[in-house]
Number of protein chains: 2
Amino acid sequence: MNGAQSLIRSLADAGVEVCFCNPGTSEMHLVAALDLVPELRAVLCLFEGVATGAADGYGRMAGRPAATLLHLGPGLGNGLANLHNARRARTPLVNVVGDHATYHKRLDPPLESDIDAVAASVSGWLRRADAVDDLAADAADAVAAALGPPGRIATLVLPADLAWTDVSWSDAPAVGVPGAVEVVEQVAVAQEVVAGAAAALRSGEPAALLVGGAATRGEALRAAGRIAAATGARLLCETFPARLERGAGVPPVERLAYPAEAVAAQLAGLRHLVLAGAAPPVSSFAYPGVAGDLVPTDCQVHILAHGPEDLAGALTALSDATCAGAGAQLLAPERPLPPTGALTAETMAYGVGALLPEHAIVVDEANTSGPWLPGATAGAPRHDWLTLTGGAIGQGLPVATGAAVACPDRPVLCLESDGSAMYTVSALWTQAHEDLDVTTVVLNNGAYAVLDRELRRAAAGEPGPRARELLDLSRPGLDFVDIARGMGVPAERATTAEEFTRALGRALAEPGPRLIDAVVPALV
Amino acid sequence: MNGAQSLIRSLADAGVEVCFCNPGTSEMHLVAALDLVPELRAVLCLFEGVATGAADGYGRMAGRPAATLLHLGPGLGNGLANLHNARRARTPLVNVVGDHATYHKRLDPPLESDIDAVAASVSGWLRRADAVDDLAADAADAVAAALGPPGRIATLVLPADLAWTDVSWSDAPAVGVPGAVEVVEQVAVAQEVVAGAAAALRSGEPAALLVGGAATRGEALRAAGRIAAATGARLLCETFPARLERGAGVPPVERLAYPAEAVAAQLAGLRHLVLAGAAPPVSSFAYPGVAGDLVPTDCQVHILAHGPEDLAGALTALSDATCAGAGAQLLAPERPLPPTGALTAETMAYGVGALLPEHAIVVDEANTSGPWLPGATAGAPRHDWLTLTGGAIGQGLPVATGAAVACPDRPVLCLESDGSAMYTVSALWTQAHEDLDVTTVVLNNGAYAVLDRELRRAAAGEPGPRARELLDLSRPGLDFVDIARGMGVPAERATTAEEFTRALGRALAEPGPRLIDAVVPALV
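Residues numbered from 1 in each chain as written. Chains lettered and ligands numbered in written order. Predicted model: local features only at pLDDT ≥ 70, side-chain atom pairs only at ≥ 80, totals over all residues. Heavy atoms only, no water.

Between the two copies, chain A and chain B, the superposition gives an RMSD of 0.0 Å; the rotation angle is 180 degrees and the shift along the axis is 0.0 Å. The two molecules are tied by a two-fold rotation axis, judged by turn and shift. Using C-alpha coordinates, one finds that chain A approaches the rotation axis most closely at Ile483 of chain A, a distance of 2.2 Å. Comparing interface residues between copies, 100% of those in chain A also sit at the interface in chain B, which points to an isologous, same-surface contact. (Least-squares fit on C-alpha atoms with pLDDT ≥ 70 in both. Contact = heavy atoms within 4.5 Å.)

Take the interface of chain A and chain B next. Contact with chain A, which involves 96 residues of that partner, is made by 96 residues of chain B. Of the roughly 7800 Å² buried at the junction of chain A and chain B (both faces included), carbon and sulfur atoms supply 66%. The salt bridge involving Asp108 of chain B is made with Arg88 of chain A; its shortest N-O contact spans 2.7 Å. Counting the contacts that link chain A with chain B gives 34 residue pairs in polar contact (both at pLDDT 80 or more). Counting residues per element, the ones that place at least two in the side of chain A that touches chain B are helix H2 (28-33), strand S2 (41-44), helix H4 (72-88), helix H5 (115-120), helix H16 (427-433), helix H17 (449-459), helix H18 (465-469) and helix H19 (480-486) of chain A. Residue composition of the side of chain A that touches chain B, grouped by class: 54 nonpolar, 25 polar and 17 charged. (Buried area = accessible area lost by both parts, 1.4 Å probe. Salt bridge = Lys/Arg side-chain N within 4 Å of Asp/Glu carboxyl O. Polar contact = N/O pair within 3.5 Å; in protein donor to acceptor, adjacent residues only side chain to side chain. Helix = DSSP H or I, 4+ residues; strand = E, 2+ residues; numbered from the N terminus. Nonpolar A, V, L, I, M, F, W, Y, C, P; charged D, E, K, R; others polar.)

On to unusual backbone geometry. Of the consecutive residues Pro149 of chain A and Pro150 of chain A, the connecting peptide bond is found in the cis state with omega at -10 degrees. Mapped onto the elements of the fold, Pro150 of chain A is located in the loop between helix H6 (135-147) and strand S6 (153-159). Cis geometry is adopted by the peptide bond preceding Pro149 of chain B, which originates at Gly148 of chain B and carries an omega value of 5 degrees. In this fold, Pro149 of chain B is placed in the loop between helix H6 (135-147) and strand S6 (153-159). With a phi angle near 55 degrees, Leu72 of chain B is a residue other than glycine that sits in the positive phi range. Turning to its location among the elements, Leu72 of chain B is positioned in helix H4 (residues 72-89). Its relative accessible area of 0% is what places Leu72 of chain B among the buried residues. (Buried < 20%, exposed > 50% of the residue type's maximum accessible area, 1.4 Å probe, protein only.)

Take the UniProt feature "domain: Thiamine pyrophosphate enzyme N-terminal TPP-binding" (unreviewed entry) in chain A next. Listed under "domain: Thiamine pyrophosphate enzyme N-terminal TPP-binding" (unreviewed entry) in the UniProt record, and renumbered for this structure, are residues 1-106 of chain A. With 46% helix and 20% strand, residues 1-106 of chain A has its two end C-alpha atoms placed 28 Å apart. (UniProt positions renumbered as here; feature names shortened; annotations may be inferred.)

Scanning the model with the defined rule gives 9 cavities of 30 Å³ or more in all. Forming the boundary of the largest cavity are Phe47, Met422, Tyr423, Thr424, Val425 and Ser426 of chain A together with Phe47, Met422, Tyr423, Thr424, Val425 and Ser426 of chain B. Residues of the lining of the largest cavity, tallied by class, amount to 8 nonpolar, 4 polar and no charged. (1 Å grid on protein atoms, 1.4 Å probe; cavity = no way out; pocket = protein on both sides within 12 Å on 5 of 7 lines; lining within 4 Å. Points joined across faces, edges and corners; volume = space filled by probe spheres on them.)

Let us look at the pairing of strand S4 (residues 93-99) of chain A. Residues and elements named next belong to chain A. Taken across its 7 residues, S4 has 7 buried, putting it largely inside the fold. Along S4, one buried face is formed by Leu93, Asn95, Val97 and Asp99 and the opposite face, lined by Val94, Val96 and Gly98, is buried too. With 6 bridges joining them, strand S3 (residues 66-71) and S4 adopt parallel strand pairing. Of the residues in S4, the one forming a bridge with Ala67 is Val94. For the crossover that starts at S3, traverses H4 and ends in the parallel S4, the hand is right-handed. One ladder, built from 7 bridges, connects S4 with S6; its direction is parallel. Bridge assignment links Val94 to a residue of S6, and that residue is Ala154. (Pairing = 2+ DSSP bridges. Right-handed = clockwise from strand over helix to strand, strands pointing away.)

It is worth spelling out the domain arrangement of chain A at this point. Residues and elements named next belong to chain A. Structurally, chain A comprises domain 1 (3-164), domain 2 (191-323) and domain 3 (345-519). Domain 1 and domain 2 are separated by 35 Å when their C-alpha centres are compared. Between domain 1 and domain 2, the contact holds 6 residues from the first and 8 residues from the second. Overall, the association of domain 1 and domain 2 removes approximately 590 Å² of surface from exposure, summing both partners, and the carbon and sulfur fraction of that is 49%. Connecting domain 1 to domain 2 are 1 salt bridge. On inspection of domain 1 and its partner domain 2, the count reaches 4 residue pairs in polar contact (both at pLDDT 80 or more). Taken together, the residues that form the side of domain 1 that touches domain 2 break down as 4 nonpolar, no polar and 2 charged. (Domains from an automatic or database assignment.)

Attention shifts here to the sheet that holds strand S16 (residues 438-444) of chain A. Residues and elements named next belong to chain A. If you trace the 7 strands from one edge of the open sheet to the other, you get S9-S14-S13-S15-S16-S18-S17, paired in mixed fashion. Among the strands making up the open sheet, the edge pair consists of strand S9 (244-246) and strand S17 (491-494). Pairs of neighbouring strands in the sheet enclose a mean axial angle of 20 degrees, with direction left out of account. (Axes fitted to C-alpha atoms, helices over the stretch in contact; angles between N-to-C directions.)

Residue and element names in this part refer to chain A. It is the contact of helix H9 (residues 218-231) with helix H11 (residues 311-323), at a shortest axis distance of 8 Å, that shows an interaxial angle of 25 degrees. With respect to H11, the element H9 is oriented roughly parallel. Considering the relative orientation of H9 and H11, their crossing is left-handed. Packed against H9, whose contacting residues are Ala220, Ala223, Ala224, Arg226, Ile227, Ala230 and Thr231, the element H11 presents Ala312, Leu315, Thr316, Leu318, Ser319, Thr322 and Cys323 at the interface. Its residues assigned to classes, the contact of H9 with H11 comprises 9 nonpolar, 4 polar and 1 charged. (Parallel < 35°, antiparallel > 145°, perpendicular 65-115°, else oblique. Left-handed = near helix turned anticlockwise from the far one by under 90°.)

Our focus in this paragraph is the sheet that holds strand S11 (residues 272-276) of chain B. Residues and elements named next belong to chain B. Strand order in the open sheet formed by 5 strands is S10-S8-S7-S11-S12, with parallel pairing between adjacent strands. One side of each edge strand has no neighbouring strand; the edge strands of this open sheet are strand S10 (254-255) and strand S12 (300-305). Bridge analysis of strand S7 (residues 207-211) against strand S8 (residues 234-237) gives 4 bridges, and the strand direction is parallel. From the neighbouring strand, Leu209 faces S8, where its bridge partner is Leu235. Seen against the sheet, helix H11 (residues 311-323) touches S7, S11 and S12 and runs at an angle of roughly 115 degrees to S12.

To continue, consider the nonpolar core. One finds Leu7 and Phe20 of chain A together with Leu7 and Phe20 of chain B to be the most contacted residues of the largest nonpolar core, which totals 222 residues. Non-local contacts of Phe20 of chain B, meaning those with residues more than four positions away in its chain, are made with Val43, Cys45, Ala51, Ala54, Ala55, Tyr58, Ala66, Ala67, Thr68, Leu69, Gly402 and Val405 of chain B. (Core = buried A, V, L, I, M, F, W, Y, C linked by side-chain atoms within 4.5 Å.)

With that out of the way, let us pick up the side chain of Ser319 of chain B. Among the secondary structure elements, Ser319 of chain B is positioned in helix H11. Excluding anything up to four places from it in sequence, Ser319 of chain B contacts Ala223, Arg226, Ile227 and Ala324 of chain B.

This part is about the pattern of salt bridges. Under the criterion given, the structure shown has 56 salt bridges over all chains. A salt bridge links Arg475 of chain B to Asp472 of chain B; its shortest N-O distance comes to 3.6 Å. Among the residues examined, Arg475 of chain B registers a relative accessible area of 43% and is labelled partly exposed. Residue Asp517 of chain B pairs with Arg493 of chain B through a salt bridge whose shortest N-O separation is 3.0 Å. Here the residue Asp517 of chain B occupies a position in strand S18 (residues 514-519), and Arg493 of chain B occupies one in strand S17 (residues 491-494), the gap between them amounting to 24 residues. The buried category is assigned to Asp517 of chain B, whose relative accessible area is 0%. If you follow the salt bridges from partner to partner, you end up with Asp99, Lys105, Glu112, Asp116 and Arg128 of chain A in one network.

Rendered as structure tokens:
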């Protein structure tokens, strides 16, 4: 057994079921080892940003890490933006980055670069493997680190010569073989912290409970809903949840807005803000003369739980302390009517709300085309909503790909802006290759509309013609029907609300990937 | 005048004529400033890897830096692989990376990450701007650093609040305005070094002159040709030249091969290897039991010139010392006949050789489909050949884009593998947007053929079915005609040598971008 085989075997033994791969020469022994470990499914991606984004989507839905297989520093670089998003999502994820053989690096071959420095910028755990007999343990340690709590990115850098060298323990696999995953327990929140939060929420002063991380779904969210119903506190969630449970039968949650001014309006008048898995709200960007810290000055922040702490346990304890068994308000089933007339960001949202299937996974990179989506889908059948956690666009198509791999029985709907789609568009090929049930709606407004808005806002004035040209995607227009077909994904265009709703219904009804090029006007 | 305006103004004053842009919110003041500085042409790219690769292609052809405009750490990450290639090409290049406002970073907003660590991995010069009044000088220093010698990547990180703050010297622009570009002179090579190299080449023992960097073209290459003709030394060039001048009327140069075994055969028997701008040959990757240092053990290495030294001056001096005015052997005009029959890597090469226009710029990422290209084009009209300097695939389409911006009067031919094309395929949109005269030939063999070869070689055996699946791009096949049309580039498919030659002739005759999806069998 060589090092590559022991590493792949150990990943599988540690519960890793999928590896999103974009390998190169230095990873060939790892690729060869995949044939010996059929429990680990290899999914080919044509670009590393697709592999890392897919691993993010997988980890958000599966709650355990997928692996990636990346080729040296440049491969890691190509995957970096979606690793950034995964880091912000607290997604468990294991990167295996191949490196040159240890003795080859000093020759400074063409692909040599500082992998460790780049990897450290996104990794909560980083190790450069240095002994072939330790590779199985390295892999197990990486999985344990990725699982957290909370989830994090674990990166293992693997020199090629360790991959192809035989391990010394392979004749005696039962004796002293390293590789058990030691999962770190979540830390329980102290009772006085719970009591302090309960007192704040019951103070009679305006209060809100802000959930983030793992508190945006499941038992934690239900406990939060009960707390809000019993205390009258508002139930908020962070601007970019990794995975927000929504729909009929789920407690209603008010998601914080993106523009700083809108968040300030949402938080105005609050005297107490209780945080459960969320950081104090800040604006995504600074603007001249606008505050970045969005907590009102006379609002007291109470941290109920964060980081490695047991969010669900803390919220359950807070629920017990505040509501004595009372139930949460839950959203009633309600759908908009199928829209008619012009296709716009608004009618698109009604079409989605009218048709969203039960247990759907919605990957939302709709950006400026998205403002009507929360309202239009609030009463749809129960679903999960995955957002652009780190702000690095190009996340949607890959995350949808990985979510579909994690949940083959659930329909995935990816709402993707045209500009963002072009960063990682080859994810469509992987969807076709793996026959994943993903419906992609590209919101094709022919512009970087978000930047048009930001330009006016930040630069405080009407942009000039040369600045405007940098926000214009219409010369030539992008034809996503052609682009999708070129990668084997059936596609059609929709230019009216009726066309869109029909196309969406067809795409959701069919298995396998489909794309709808939804032509909408830009909202500025 | 705000900081952004002073920076853009200073870049233009320092001779930067083009900025390849993929901006975000934190760069909006820079975008707005472009309207005030029309000398700096902004070229929109839909992905940062296109912007950095285009800046590489521009810098290789123009000999002076283009700028890039990148959005925070994730934008830099997306551009990193082609910055790696540019670093290996010694291309002058100036990155401007926007960052959060200085006071905003401590809030850890979603897009915050360690820009400096990532930038340092590819930059020969790195500065974080910290005073608005210094931005003009920062920009000039970056340009000076990029110019080298030799060329390098200079990265300036610009916090948003410096961009929008007014400079204090704007009312008195003639007094104390910083911003002059102080270009570092090339170091002359000592006469005894030249004499040593001359003695080696005239020793009567087998000898070769290996050129790299700026010695692969122009006067330096002509001097190298004279030296080879006069001394009988072989004239070699590095495996991956940034820009190799070739064709009729140019001295013949034997390019080092990619496989280590082939290079070993090329260098076998040499007793002297004189290096001019090239490093001692090493293999791109290590393989079990194969040496990585490819210089024969009994071969003496003589470094004539490298790094910041005056390559052309050193080679001219060496020419004067060895050949007393004798001329170089120059390649005679010679073209293959237009090919007929099946379209293969071989007949594709003859089609290129038959039609390559004078002054063409060939961007070569043909990889495994490329072995017949050097022979088929050796006697074509004079042209430049740009290669994958850093080994990070996805370089071809962007480099072709930038080369076309740098040289609007020269035809650009991009020979691109299918797998590599998918990394940065949105470069086609920029070619359409800017109406660049680029003919792209995608060598569509439906496979990562290079990895099939490497897998057998590295893993020493027949790959299993799961490993082979990771090298297969044929399920579904990529249709580059559809993909190109989706981005506004006219395209057609060629499946025979005749179809290919006709399509290539048409594409080269037409202005603006064209793509040929050339279906060829994989060579394994």
